[in-house]
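# Commentary on secondary and tertiary structure
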Amino acid sequence: MPPKHTQPKYRQIADYLREGIMDGTFPAGQPLPSEETLAKQFSVTRPTVRQGLSELRASGLVEAIMGRGTFARSPHSRPHFTRPRGVRRAADGSYIEADGIRWTNAEPPVATRTDAPLALADLLRIPPGEPMFTYDALQTADQGHLRQLHRTYVPFSVLIDTKYEEQAPPPAPELYAALAELGHELHFTEYIRTRMPLPDQAQALRLAEGVPLLHVLRVTLGEAERPLSLEEFHLPGDDLELSFKL
C-alpha cells in the first residue's frame, strides 16, 4: 500500500490558525502565536511558518503589523465604520452626502480629457470613445483615518449648448448643483461590488495584503433617466460597511 499523503506543514499551520480564527480561539484584533511558538509546535522552521501565514494574509484573515506581530482578522466581527449611502439637497441648494463626512482632497482635482471606455460608456449611454472631463482625487477624513479614491466623469455631450462648452464643470459634489442650475432634476443610482485592489490603489488606501476594496459606481440621472455623469469610489473593504435606506 502506498504511503498516505499528508498536507504540507505550512498548510497544516494555515488550517490550524484559520480554524482558530473562525471559532474564536484567536479573537479578532488579538495577536496570533509567534513564529517561534508555531515553529516549535509543528516542528518546522520559521520560513515554513511564514509560508502558512502568507496563505492567511492572502485570504484576509490575518494582518501583519511591523514590530508588533501578526493579528487575527475575523470575518464575523462588526466593522468599525458604517457609511450611509445617498445624496440629499440642503436648504441652500447644495448637495450633501448622507454619511455627513467632510472629505479633504490631498491635492486639488484637475480636469483632464479622457475617452469613454466600453464599460463606462454603456452606463452613461454614450458611444465608446466619446470625450469626457475626468477628475481624480485621493480624499481623507477623520485626521487621515478614513481614505477613499474618488473619480468624476462628465461626458462632453451632456454639456453641449451650456456654459460648460467653454469651461470645465466642477467635480462632484459641486457638480450636482451645477447640473441643477442647468435645469436638471437629479436622482442617483449606485452599483457596488468588491474586488482586489491594483497596486497603486492598495498603496493610496493603505490596504494590507489580502484586503479587498469596495468599488462603487454612482450614476447621476436627469429627465427620462438620462445619465449626466458618473463617479467611481474606491473604499477600503476590511473595516467598513455601507448602509442604505429602502
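Figured I'd write up the structure that's included with this text. Please read these numbers as outputs of a predicted model, since none were measured by experiment.

Calculation notes
- Each chain has its residues counted from 1, running along the sequence as written.
- For this predicted model, a pLDDT threshold of at least 70 governs which residues receive local features, and a threshold of 80 or more governs which side-chain atom pairs are given and counted, while totals over whole chains, interfaces and linings are taken from all residues.
- Just so you know, side-chain values use all the structure's heavy atoms and leave hydrogens and water out.
- Aromatic rings from Phe, Tyr and Trp, with only the six-membered ring used for Trp, were paired whenever their centres fell within 6.5 Å, and each pair was classed as stacked if the ring planes differed by under 30 degrees, edge-to-face if by over 60, and tilted otherwise.
- Only DSSP runs of H or I reaching four residues or more are called helices, and only runs of E reaching two or more are called strands; each is numbered from the N terminus.
- A 1.4 Å probe rolled over the protein chains alone gives each residue an accessible area, and that area as a share of the maximum for its type sets the label: buried under 20%, exposed over 50%, partly exposed in between.
- A positively charged side chain is recorded as over a ring if its NZ (Lys) or CZ (Arg) lies within 6 Å of the ring centre. The angle to the ring normal must also be within 35 degrees.
- We call two residues in contact whenever any of their non-hydrogen atoms come within 4.5 Å of each other.
- We count Lys and Arg on the positive side and Asp and Glu on the negative side, and we leave His and both chain ends out.
- Any carboxyl oxygen of Asp or Glu that lies within 4 Å of a side-chain nitrogen of Lys or Arg is treated as forming a salt bridge with it.
- Side-chain atoms alone can form a polar contact between residues adjacent in sequence; in general such a contact is a pair of N or O atoms within 3.5 Å, and within protein one must be able to donate a hydrogen while the other accepts it.

## Regarding the packing of aromatic side chains
According to the stated counting rule, one finds 6 aromatic pairs in the structure shown. A ring pair is formed by Tyr16 and Phe42, whose centres lie 5.6 Å apart and whose planes are at 65 degrees; its orientation type is edge-to-face. Residue Tyr16 is located in helix α1 (residues 9-23), and its partner Phe42 is located in helix α2 (residues 35-42); the two are separated by 26 residues in the primary sequence. Here Tyr16 falls in the partly exposed class, since its relative accessible area comes to 32%. Ring plane angle 40 degrees and centroid distance 4.7 Å describe the contact between Phe133 and Phe156, whose orientation is recorded as tilted. Placement of the pair is Phe133 in strand β8 (residues 131-141) and Phe156 in the loop between β9 (146-155) and α5 (174-181), with a sequence separation of 23 residues. On the basis of relative accessible area, Phe133 is assigned to the buried category, the value being 17%. The exposure class assigned to Phe156 is partly exposed, which follows from its relative accessible area of 29%. Taken together, the ring pairs in this structure connect Tyr16, Phe26 and Phe42 into an aromatic cluster. Between Arg85 and the ring centre of Phe233, over which it is positioned, the NZ or CZ distance is 5.0 Å.

## So, α5
Within α5, burial applies to Leu175, Tyr176, Ala178, Leu179 and Ala180. On its buried face, α5 is in contact with β4 (87-89), β5 (95-97), β9, β10 (187-195), β11 (213-221) and β12 (227-236).

## A few points about the side chain of Glu231
For Glu231, the position within the fold is in strand β12. Buried charged residue Glu231 carries no salt bridge. Nearest counter-charge: Arg218, at 4.0 Å. Here His150 takes part through its side chain, which lies 2.7 Å from a polar atom of the side chain of Glu231. With residues near it in sequence (within four places) discarded, Glu231 still touches His150, Arg151, Thr152, Ala172, Tyr176, Val216, Leu217, Arg218 and Thr220.

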